[in-house]
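# A closer look at the structure
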Amino acid sequence: MLSIRRTAGAFVAVTIGVTLVAAATLLLASGRPQIPDRLTHAALVVQSPDAGAPADSFAPTRPWSAARTAELTSRLADLPGVTAAVPDQTFYAQPLVNGQPPATDTRREDNHQGHGWSSTRLGGLRLTAGDPPRHPNEVVVNRALGLRPGGPVTLLTATGPQPYTVTGLIDAPGVYVTDDVAAALAPGVRAIGLTIAPKADPERVAEAARDIVGGDGQVLTGDGRGALEPRGDARTRWIGMQVLTATAALASFVTVFVVASTFAFTVAQRRRELGLLRAVGATPRQLRRMIYAEALVVGATAGLVGLLAGTALAPGLGRLLVDVGFEPATFQVRYEIWPVAVSLASGPVIALLAVWSTSRRAARIRPLEALREAAVEQRPIGRLRTATGALLVAAGVALSLGTATSDDARTAATFALYAVMALVAGTTVLAPAAVGPLVRMLRSPVRRPGGAIGMLVRAGALTSTRRTAAIAAPVLLTVAFAVLVSGMVRTTTAAYAAGRADNVNAGWVVVPDRTPGLSDQAVAATGGTALLPTTVFDSDPSTSPENRPLTALGVDPAGFATANRALTVVAGSLNDLSGDDAVVLPASANRQPTEPYALVFADGEVVSLRVVAVVTDDSIPGDLLLPRSVVRAHDPSALTSAVYVQDRIDPPVGARIVDVAGWAAEADHAEDRLVWLATLLLIGVSAGYGAVAVANTLLMATAGRVADLRLLRLAGATRRQIIWLVTAESALVVLIGALLGGTVAFVGLLSIRAGLAEQVGVPVDLVVPWSVIGGVVALCLLLAVLASALPTWRSLRHQPARTPVGIVR
């Protein structure tokens, strides 16, 4: 009973799905945190306490102060089996080449980091030339910079360019200075590496180290040292994992959808065959078992082929993920058992899930179906289906209203997703009822190919509304997803940029250029209003959770008040933000002026501050405000993120100048780029499957209509006219699906736009990437036309012989 022609589409769909699942799971299994190169020779690493923050915030740990670091280092060094305990002091330092920062990847933190020379013991680094630094103005640099021992080099630090002398070269990124200089530039320490004797037991040393550290840190061994990978790499890896998970989930879901559509259409074409089996004694249970057996064979064979294809593609996809920014440069594909097992099982599981409904429908076929020469739809849909579709549409409209009135971004996004899911499901259920009105609305365009052909296309769509709706359903889903996701991403990006620009009262913004931030010297050269961010930690025991990381902005109060249109003070005065103990908090902090507020700074010191003003939560682009001098005193490596100026100026070294609109658009450019790439990837998966579903359904439909098409040839129609007929039918089906899907998605987009306008407080334009949508529709249309026209052309290559009168074939 198993036919290659009937199951080819399902086989292709399952193969593609398992290929994506196999590749995605292999890449997911490979996405483990990597131990930083500079710590690979440390058998144990003692890390400072975790901050009370979600894992996906990638907040740094709370640092130890210089005194606490010295105490821990001394006690850890005295442990039996420990040969050295070295604090990993990290600070900002970037060599200048020809007076400018080198064109290196600023996403890699080690390209612009400095360390104390003792840290080289933790990574096993060795000099390739020259000597270690011994004086405050000496440095060892990466030999890839092309510098020579004894030559000068300028290091760009948080305070500005500083002259140094190169004493040695190493084969590693970053710069290394004397330990005293590193301690001054990085007074707060977050890790202490331990090297041990060859015969020492790492676990015994780790237990002893835990006794010393207690609750003021954690001891990491083995692969656990991967928790120390740079925050930028950890964030990139997390984004990649989300994209891969979404791709695998979407591939599995759409594969079930496509395979279910394929088998459903196959059963519809085999009604007489299945009815004949029922007539000769086959039971409904036997029919179900037959359908399940066919699906199992297809799923198992396609799963094996997909596993082999996914395994072969994984290394290339891994390199591509690194190139586009979804994985850090340290990412490497590793082959493990569980992705193989998941991939092998996913083929049969997907196929069996897909045919569950189809098998039940096949079991309901009656023996009299074998005697029918034709089947005509009695009505498009039943009452239960109509009620279900209406309820889903009503739920989608209600969720759309919730999206439009929500003032929280995450809540609005959740409502929008569920709204479109409900609308898509409801529209798919009600699609047979919508086919008739749409065909009548499109009556004039349909007639253009010719009177007789137009009449046949229109009559076929109106008399077979269920078949038309079934073929249009994949297009509906694909177009709705593409319009919603791409439009939501573009509209949200533009809305947040508009809101960000509307809050700034300036003509131009000075931003970093090939550096992670601006130095104090660069800020002084601009004469504008600067923001100096740093991470602090709430140390108040009454605050939950304790040690919660906060983003503090060091500002000049007068300049900040002038440049920030959104600033609204509800208590106290911003003019009192001065001295070394003042802080401005948002209203959500539930503090009042004159109340004390203790923070742990980047140097590990606990400082008691006094609240001088309270502002609204949307007044500042951070969690609190501090005097700029306080931030600099406690964080020697803090870098300015932006400087607002009224007039265009010549930017200093390591900076460039853009207008406010450009700055607002670039503020989240790196993240927006990754989001857009992920969006295109998901749309590509969805569109590819939708096109496969349309092509597969039309291939089977055309194969089942060969007799009807040959009858048209006998009636006098030319081969060109018949090909034009099936092409017009395919185009009509794609057009119906695109119109329904686009309508559903635009309802969701309009609600999203209304919600965004409520959140950002400025009018929001609806941004629709027509190029993406046009590409999706064109792909579906192209494959639909090819899937119908080519089989028709092949089946009508020869002129059919006319049947003599009185002879029945």
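Above this text sits the structure in question.
Summarised in this report is the structure supplied together with it. Residue numbers run consecutively from 1 along every chain, following the written order of its sequence. Residues qualify for local features only when their pLDDT is at least 70, as the model is predicted, and side-chain atom pairs are given and counted only at 80 or more; totals for whole chains, interfaces and linings, by contrast, use all residues. Side-chain numbers come from the whole structure's heavy atoms, not from hydrogens or water.

We now examine the overall build of the protein. Assigned secondary structure in the protein consists of 23 helices and 22 strands. Each residue is placed in one exposure class: buried if its accessible area under a 1.4 Å probe, protein chains only, is under 20% of its type's maximum, exposed if it is over 50%, and partly exposed if it falls in between. For the protein, the residues scored as buried account for 49% of the 809 residues in total. Partitioning the contacts of the protein with sequence separation of at least 6, the portion at a separation of at least 24 is 82%. For every accessible area listed, the method is Shrake-Rupley and the probe measures 1.4 Å; residues are considered covered only by the protein chains on display. Counting only carbon and sulfur atoms, one obtains 59% of the accessible surface of the protein, whose full area is about 36500 Å². For helices the rule is a DSSP run of H or I covering at least 4 residues; for strands it is a run of E covering at least 2, with both sets numbered from the N terminus onward. Contacts are assigned to residue pairs that have any heavy atoms within 4.5 Å of one another.

Further remarks concern a nonpolar patch on the surface. In this analysis, a patch consists of residues with relative accessible area above 30% that form no salt bridge, clustered at 9 Å for like charges and at 5 Å for the nonpolar side chains Val, Leu, Ile, Met, Phe, Trp and Tyr. The salt bridge definition used is simple: a Lys or Arg side-chain nitrogen within 4 Å of an Asp or Glu carboxyl oxygen. A surface patch of nonpolar side chains, about 340 Å² in accessible area, is lined by L304, L308, V340 and L344. Sorting the residues of the nonpolar patch by element identifies α8 (284-324) and α9 (337-354) as the ones contributing at least two each.

With that settled, consider the sheet that holds strand β1 (residues 44-47). Any two strands are treated as partners once DSSP identifies two or more bridges connecting them. Spatially, the 4 strands line up as an open sheet ordered β2-β11-β1-β12, and their pairing is antiparallel. Both outer strands of the open sheet, β2 (82-87) and β12 (218-221), are each paired with one neighbouring strand and no more. Geometrically, the sheet is characterised by an average inter-axis angle of 20 degrees between neighbouring strands, direction not taken into account. Relative to strand β11 (residues 191-196), β2 runs antiparallel, the two being bridged by 5 bridges. Following the sheet pairing, V82 is matched in β11 by I196. Fitting a line to C-alpha atoms yields each axis, with helices limited to the stretch in contact; the angle taken between N-to-C directions then spans 0 to 180 degrees. Helix α2 (residues 66-77) rests against β1, β2 and β11 of the sheet, and its axis sits at about 170 degrees to β2. In this fold helix α5 (residues 202-213) packs onto β1, β2, β11 and β12, with an angle of close to 165 degrees to the strand it touches most, β12.

Here we come to the packing of helix α11 (residues 383-405) against helix α22 (residues 719-760). Where α11 meets α22, the closest approach of the two axes is 6 Å, and the angle between their N-to-C directions is 25 degrees. Regarding the angle of α11 to α22, the classification is roughly parallel. Residues S400, T403 and A404 of α11 touch α22, and the partners they reach there are V747, S751, I752, A754 and G755. Here the nonpolar group is Ala, Val, Leu, Ile, Met, Phe, Trp, Tyr, Cys and Pro; Asp, Glu, Lys and Arg are the charged ones; every other residue, Gly included, is treated as polar. Its residues assigned to classes, the contact of α11 with α22 comprises 4 nonpolar, 4 polar and no charged. Small angles under 35 degrees read as roughly parallel and large ones over 145 as roughly antiparallel, with 65 to 115 read as roughly perpendicular and the rest as oblique.

Right, let's talk about the nonpolar core for a bit. Put simply, a nonpolar core is a bunch of buried Ala, Val, Leu, Ile, Met, Phe, Trp, Tyr and Cys residues held in one set by side-chain atoms that sit within 4.5 Å of each other. Counting residues in each nonpolar core, the largest one holds 49 residues, and the members touching the most others are V475 and I736. Contributions of two or more residues to this core are made by α12 (409-441), α15 (465-502), α20 (669-704), α22 and α23 (770-795). The greatest single-element share of this core, amounting to 14 residues, is contributed by α22. V475 has contacts with V694, V734, G737, A738 and C780, leaving out every residue within four places of it along the chain.

Okay, α2 next. Between the first and last residue of a helix there are one fewer steps than residues, each counted as 1.5 Å, and that sum is the expected span. Its 12 residues place the ends of α2 16 Å apart at the C-alpha level, agreeing with the 16 Å of an ideal helix rising 1.5 Å per residue. When α2 is considered as a whole, its buried residues turn out to be T69, L72, T73 and L76. One side of α2 holds all its buried residues, which, seen down the axis, span an arc of 100 degrees. On its buried side, α2 packs onto β1, β2, β11 and α5. This arc describes the spread of directions from the helix axis toward the C-beta atoms.

Before going further, it helps to examine the packing of aromatic side chains. Aromatic contacts are taken between Phe, Tyr and Trp rings whose centres are within 6.5 Å, Trp giving its six-membered ring; a plane angle under 30 degrees counts as stacked, one over 60 as edge-to-face, and the others as tilted. What the rule picks out here adds up to 3 aromatic pairs. Seen from their ring centres, Y644 and W663 are 5.7 Å apart, and the 85 degrees between their planes marks the pair as edge-to-face. Here Y644 is found in strand β21 (residues 642-645), whereas its partner W663 is found in helix α19 (residues 660-666), with 19 residues between them in sequence. Summarising the aromatic geometry, the rings of F746 and W770 are spaced 6.1 Å apart at their centres and angled 35 degrees between planes, so their arrangement reads as tilted. In this pair, F746 is assigned in helix α22 and W770 in helix α23, connecting sequence segments 24 residues apart.

Another point: the environment of P652. Positionally, P652 belongs in the loop between β21 and β22 (655-659). Excluding its chain neighbours within four sequence positions, the residues that come into contact with P652 are A522, A525 and T526.

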